[in-house]
Amino acid sequence: MEDLDSMIDDKTRAFLLNELDGFETNAGVVVLATTNHPDRLDPALMDRPSRFDRKYHFNLPAAAERTAYIANWNKELQVELRLSEGGAAALARQTEGFSFAYLKELFLSSMMQWMGSGGVSMDQVIRGQATQLRAQMAASANETPVPIK
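First, a word on what this report is: a plain description of the structure on this page. The numbering scheme is per chain: residues are counted from 1 as the chain's sequence reads. In view of the model being predicted, local features appear only for residues whose pLDDT reaches at least 70, and side-chain atom pairs are presented and counted only at 80 or more, with totals across whole chains, interfaces and linings using the full set of residues. Note that the side-chain values use all heavy atoms of the structure and ignore hydrogens as well as water.

Across its full length, the protein chain holds 7 helices and 0 strands. Working definition: helices are DSSP H or I runs of at least four residues, strands are E runs of at least two. Numbering for both runs from the N terminus. Scanning the protein chain from its N terminus toward the C terminus, one meets helices and strands in the order α-α-α-α-α-α-α. Structurally, the protein chain occupies a C-alpha span of about 60 × 35 × 30 Å along its principal axes. Residues count as neighbours in contact if any of their non-hydrogen atoms are within 4.5 Å of one another. Long-range contacts, defined as pairs at least 24 residues apart, comprise 64% of the intrachain contacts of the protein chain with a sequence gap of at least 6.

What follows is the structure in structure tokens.
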């Protein structure tokens, strides 16, 4: 279950809790859920044993991890879609605070934007898309954007 915090409301909460605690044995069934906002989850989900026994926290990727991820994406792209070496390095700095999911979205949205750009460089397109995505992230988190370095 991806983004569990957005799936649970007053109507679905009881159903999910009953399924997790149900009378039927669930031998061989693993329930895996993710959230970017554990603070929004009901304590009945977070703190009761046997519902979610193990919790793992994954930090956002550091600069070296973002650089490696960007390099991996870049090498898979068609030559005309690739970032320059300087563009890739600048993007790694510009995407501080981005998760791997946001980095993937950045590449996908940039490729679509580039196709209709009429010859603008991918470096320029992806910088603009990163700025736009950062603004969307800040709006959804209801906070001020992290300054771009």
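Now that the structure is up, let's keep going.
A few words on the nonpolar core. Residues grouped as a nonpolar core are buried Ala, Val, Leu, Ile, Met, Phe, Trp, Tyr and Cys residues, joined through side-chain atoms within 4.5 Å. Any residue under 20% of the maximum accessible area for its type is buried, any over 50% is exposed, and the rest in between are partly exposed; the area is computed with a 1.4 Å probe on protein chains only. Among the nonpolar cores identified, the biggest contains 20 residues, and Ile 70, Leu 83, Leu 91, Leu 106 and Phe 107 are the most heavily contacted of them. Contributions of two or more residues to this core are made by α4 (63-76), α5 (85-94), α6 (100-115) and α7 (122-141). No other element matches the 6 residues that α7 contributes to this core. Setting aside residues no more than four positions away along its own chain, Phe 107 makes contact with Ile 70, Trp 73, Leu 77, Leu 83, Leu 91 and Ile 126. Ranked by size, the runner-up nonpolar core spans 8 residues in total, among them Leu 4, Leu 16, Leu 20 and Leu 45.

A word on the environment of His 57. Mapped onto the secondary structure, His 57 falls in the loop between α3 (43-46) and α4. Polar contacts, as counted here, are pairs of nitrogen or oxygen atoms within 3.5 Å of one another; within protein the pair requires one atom able to donate a hydrogen and one able to accept it, and residues that are adjacent in sequence qualify only if both atoms are side-chain atoms. A distance of 3.0 Å separates polar atoms of two side chains, one belonging to His 57 and the other to Asn 59.

Looking now at the pattern of salt bridges. What counts as a salt bridge is simple: a side-chain nitrogen of Lys or Arg found within 4 Å of a carboxyl oxygen of Asp or Glu. In the structure shown here, the tally under the stated rule is 3 salt bridges. Connected through shared salt-bridge partners, Asp 21, Arg 48 and Arg 51 make up one network.

Residues qualify for a patch when their relative accessible area is over 30% and they have no salt bridge, like charges being joined within 9 Å and the nonpolar side chains of Val, Leu, Ile, Met, Phe, Trp and Tyr within 5 Å. With residues, only the protein chains shown are counted as cover, and all accessible areas are computed by Shrake-Rupley using a 1.4 Å probe. A cluster of nonpolar residues, Met 1, Met 7, Val 29 and Val 31, forms a patch on the protein surface that exposes about 320 Å² of accessible area. By the element assignment, Val 29 lies in the loop between α2 (10-21) and α3.

The subject of this paragraph is the packing of α5 against α7. Every axis in this analysis is a line fitted to C-alpha atoms, fitted for helices over the stretch in contact. Angles between the N-to-C directions lie between 0 and 180 degrees. Contact pair α5 / α7: the axes reach a minimum separation of 10 Å and the direction vectors enclose 5 degrees. Taken together, α5 and α7 sit at an angle that is classed as roughly parallel. When α5 is examined against α7, the residues Gly 87, Leu 91 and Gln 94 are found in contact with a partner set consisting of Asp 123, Ile 126, Arg 127, Ala 130, Thr 131 and Arg 134. Partitioning the contact of α5 with α7 into residue classes produces 3 nonpolar, 3 polar and 3 charged. Under this scheme an angle from 65 to 115 degrees is roughly perpendicular, one under 35 degrees roughly parallel, and one over 145 degrees roughly antiparallel; angles in between are oblique. Any residue outside Ala, Val, Leu, Ile, Met, Phe, Trp, Tyr, Cys, Pro, Asp, Glu, Lys and Arg is labelled polar, Gly included; the first ten of those are nonpolar and the last four are charged.

Two rings belonging to Phe, Tyr or Trp (six-membered ring only in the last case) form a pair when the distance between their centres is within 6.5 Å. Interplanar angles under 30 degrees mark stacking, angles over 60 mark edge-to-face geometry, and anything in between is tilted. Across all of its chains, the model carries 3 aromatic pairs by this definition. An angle of 40 degrees between the planes, with centres 5.1 Å apart, marks the rings of Tyr 69 and Phe 100 as tilted. Linking Tyr 69 in helix α4 with Phe 100 in helix α6, this pair joins segments that are 31 residues apart in sequence. On the numbers, 5.1 Å between centres and 10 degrees between planes, the contact of Trp 73 with Phe 107 is stacked. With a gap of 34 residues between them, Trp 73 in helix α4 and Phe 107 in helix α6 connect regions that are remote in the sequence. Side by side, Trp 73 and Phe 107 carry an identical accessibility label, which is buried.

Quick look at the environment of Gln 113 now. Examined against the element boundaries, Gln 113 turns out to sit in helix α6. By relative accessible area, Gln 113 is classed as partly exposed at 43%. In sequence terms Gln 113 and Lys 55 are 58 residues apart; their C-alpha atoms lie 38 Å from each other. Discounting chain neighbours no more than four positions away, the residues touching Gln 113 are Val 125 and Gln 129.

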